[in-house]
Amino acid sequence: MITALVDITVDFPILKRQINGHRLIYLDSAATSQKPQSVIDRLVQYYETTNANVLRSVHTLAEEATTAMEEAREKIARFIHAKSPREVIFTRGTTESLNTIARAWGDKFLEAGDEIVLSPMEHHSNLIPWQQLAKRVGAKLKFIELQPNGTITVEAVKQQITERTRIVTLSAVSNVLGTINPIAEVAVLAHQVGAIMVVDGAQSVPHGPTDVQALGIDFLAFSGHKMLGPTGIGVLWGKEALLEAADPVMFGGEMIAYVDRDDATWAELPAKFEGGTPHIAGAIGLGTAIDYLSTIGMERIEEHSRMLAEEAYRRLANLSDVVVYGPEYPRTSLVAFNIVGIHPHDIAQVFDSRGIAIRAGHHCAQPLMHWLDVSSTARASFYLYNSDRDIDELVDAIEATKRYFKR
Ligand code: PMP
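Remember, predicted model here, so these are calculated numbers, not experimental data. Counting restarts for each chain, with residues numbered from 1 along the sequence as it is written. pLDDT decides what is reported in this predicted model: residues at 70 or higher carry local features, side-chain atom pairs at 80 or more are listed and counted, and totals for whole chains, interfaces and linings draw on all residues regardless. To obtain the side-chain values, all non-hydrogen atoms of the structure were included, while hydrogens and water were left out.

### Section: helix α10 (residues 280-296)
Spanning 17 residues, α10 covers 25 Å between terminal C-alpha atoms, matching the ideal 24 Å at 1.5 Å per step. Exposure is judged per residue with a 1.4 Å probe applied to protein chains only, and the accessible area is read against the type maximum: over 50% gives exposed, under 20% gives buried, and values in between give partly exposed. Every helix listed is a DSSP run of H or I at least four residues long, and every strand listed is a run of E at least two residues long, numbered separately from the N terminus. For α10, the buried fraction is high: 14 of the 17 residues fall into the buried class. G297, located one to two residues past α10, shows a positive phi value of around 105°. Helix span, expected: 1.5 Å multiplied by one less than the number of residues in the helix.

### Here's the deal with the pairing of strand β6 (residues 140-143)
Alignment of strand β5 (residues 115-118) against β6, held across four bridges, turns out to be parallel. Counted as the bridge partner of V117 is K142 from β6. After leaving β5, the chain enters helix α5 (residues 128-137) and then returns to the sheet as β6, a path that is right-handed. At least two bridges found by DSSP between two strands is the condition for calling them paired. Crossover handedness is defined here as right-handed if the route from the first strand over the helix to the second strand goes clockwise, with the strands pointing away from the viewer.

### What about the site of the ligand?
Residues are labelled near a given molecule or strand when at least one of their non-hydrogen atoms is within 4 Å of it. The full set of residues close to the ligand is G93, T94, T95, H123, S125, N175, D200, A202, Q203, S223, H225 and K226. Counting of polar contacts relies on pairs of N or O atoms within 3.5 Å, with two restrictions inside protein: one atom must be capable of donating a hydrogen and the other of accepting it, and residues adjacent in sequence are counted only when both atoms are side-chain atoms. At 2.7 Å, a side-chain N or O of H225 approaches an oxygen atom of the ligand. Between the ligand and K226 there is a distance of 2.8 Å, counted from a nitrogen atom to a side-chain nitrogen or oxygen. Residue burial considers only the protein chains on display, and all accessible areas are found by Shrake-Rupley using a 1.4 Å probe. Here the ligand loses 85% of its free accessible area of 400 Å² to cover by the protein chains.

### Notes on a nonpolar patch on the surface
For patch detection, residues must exceed 30% relative accessible area and be free of salt bridges, and they are connected within 9 Å for like charges or within 5 Å for nonpolar side chains (Val, Leu, Ile, Met, Phe, Trp, Tyr). Should a side-chain nitrogen of Lys or Arg be within 4 Å of a carboxyl oxygen of Asp or Glu, the pair is scored as a salt bridge. Together, F251, I256, V259 and W266 line one region of the surface with nonpolar side chains, adding up to about 360 Å² of accessible area. Within the secondary structure, W266 is located in strand β12 (residues 264-266). Exposure remark for W266: the relative accessible area of 34% places this residue in the partly exposed category.

### Some thoughts on the UniProt feature "domain: Aminotransferase class V" (unreviewed entry) in the protein
UniProt positions are given in the numbering used here, feature names are shortened, and annotations may be inferred rather than shown by experiment. As recorded in UniProt, the feature "domain: Aminotransferase class V" (unreviewed entry) lies at residues 25-394. The span residues 25-394 is 40% helix and 17% strand, and its two end C-alpha atoms sit 9 Å from each other.

### Description of the sheet that holds strand β9 (residues 219-223)
To summarise the sheet geometry, strands pair through backbone hydrogen bonds and adopt either a parallel or an antiparallel arrangement. Pairing is mixed in the open sheet, where seven strands are placed in the order β4-β10-β9-β8-β7-β5-β6. Two strands in the sheet have a free side with no partner beyond their single neighbour: β4 (88-91) and β6. Direction aside, neighbouring strands of the sheet carry axes that sit 20° apart on average. Residues count as neighbours in contact if any of their non-hydrogen atoms are within 4.5 Å of one another. Note on geometry: axes are C-alpha line fits, over the in-contact stretch for helices, and angles between N-to-C directions span 0 to 180 degrees. Where helix α3 (residues 60-79) meets the sheet, its contacts fall on β4, β9 and β10 (234-238), and the angle it forms with β4 comes to roughly 115°.

### Digging into the domain arrangement of the protein
Segmentation of the chain into domains, including their bounds, is taken from an automatic or database domain assignment. When its domains are assigned, the protein resolves into domain 1 (7-29 + 297-404) and domain 2 (38-293). On a C-alpha basis, the centres of domain 1 and domain 2 stand 28 Å from each other. Buried area: the sum, over both parts, of the accessible surface (1.4 Å probe) that disappears when the two are put together. Buried area between domain 1 and domain 2, summed over both chains or domains, comes out near 2700 Å², and the portion from carbon and sulfur atoms is 66%. Sorting the residues of domain 1 by area buried against domain 2 places M298, W371 and Y383 first, and these three jointly supply 24% of that buried surface. Linking domain 1 with domain 2 are zero salt bridges, by the criterion used here. Among the elements of the structure, α11 (298-317), β14 (334-339) and α13 (366-372) are those that each provide at least two residues to the side of domain 1 that touches domain 2. Classification used: nonpolar for Ala, Val, Leu, Ile, Met, Phe, Trp, Tyr, Cys and Pro, charged for Asp, Glu, Lys and Arg, polar for all others including Gly. Residues of the side of domain 1 that touches domain 2, tallied by class, amount to 20 nonpolar, nine polar and six charged.

Below, the structure is given as structure tokens:
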């Protein structure tokens, strides 16, 4: 039996909702997670009691807002085992973090003929910034060959890395295949040729402990909204020396040391990369989400996400006319599938009529869809508020969909 890690009816108000006459079964946390009451309350409390702009002013509210935001930064630094909060940059999310790395570090340090190694399973946000960087500087993208079950082996990575490799970038967990990639091993290979290791942690940071130092990586990107936090806030973590060496990409208020008519100098980290008023409430809310996750324990969450994903895979793989993607084991947090002859959008629609929220589409991973030789899939994704009861509902809904379309 796999029980939810939290009392869903107490902590997650949205899960009390009825959808089309049924209890809401939320199986779309890979797109965005639901928010616990404590995060919702913290946002309201911030706006009711503390709202002010940070850094700019010495009045009491501004100081309180600044302190609260910096406390959130410290929590995040501890959560991912950063050496210092100076290495934690607030962004809008994974997408902005990855684009920032490509601009800030890539534009400065890549030259024509240099190589960027990545995989065909990347989300568009960990592909297009590198395509664009490659075009700007004349670099080349090199893709790691996937195994037939969608996994990446260290051997396959070795085949793409050369003396010209400057950047190796991978998602730690695929948002379609649920695979867990060998990040630490790949980081060693990258460093052997003097390349940096960039990690898209959008689907990994919410689902298990993250230790950027133990992983031996150089940059990490993740989104608050997939880990119980608000939308519009995310994190770019980078090793301090690399962030120091990189150039800012967003110019304006807050990020400068000194400005005259013709030129400007940059503020210290992390402000150098945080031009403009940040999403203060979002950062504070993300800090509260991290408190909530830490109270439950990231090890427990990791085990829970893996158990649900493996159980769902096993049960779906046993159904007739159902195709599941990625490896049976190890996997985490989600399962993508198709029902033969039924379009994923039709599956999602039948599911919705039963109160079940899933995702259907290409999941911002079109090259992976080509590799799988499908145009789209359905995807059920899990988090700490899901249980094996939800998998029962998923299986029942698949059978109902097959009956509906007479398969
Ligand atoms: N990478 C992966 C693996 C993702 O799953 C997502 C979100 N679907 C992203 C990047 C982009 O995250 P965001 O939209 O929050 O920037």
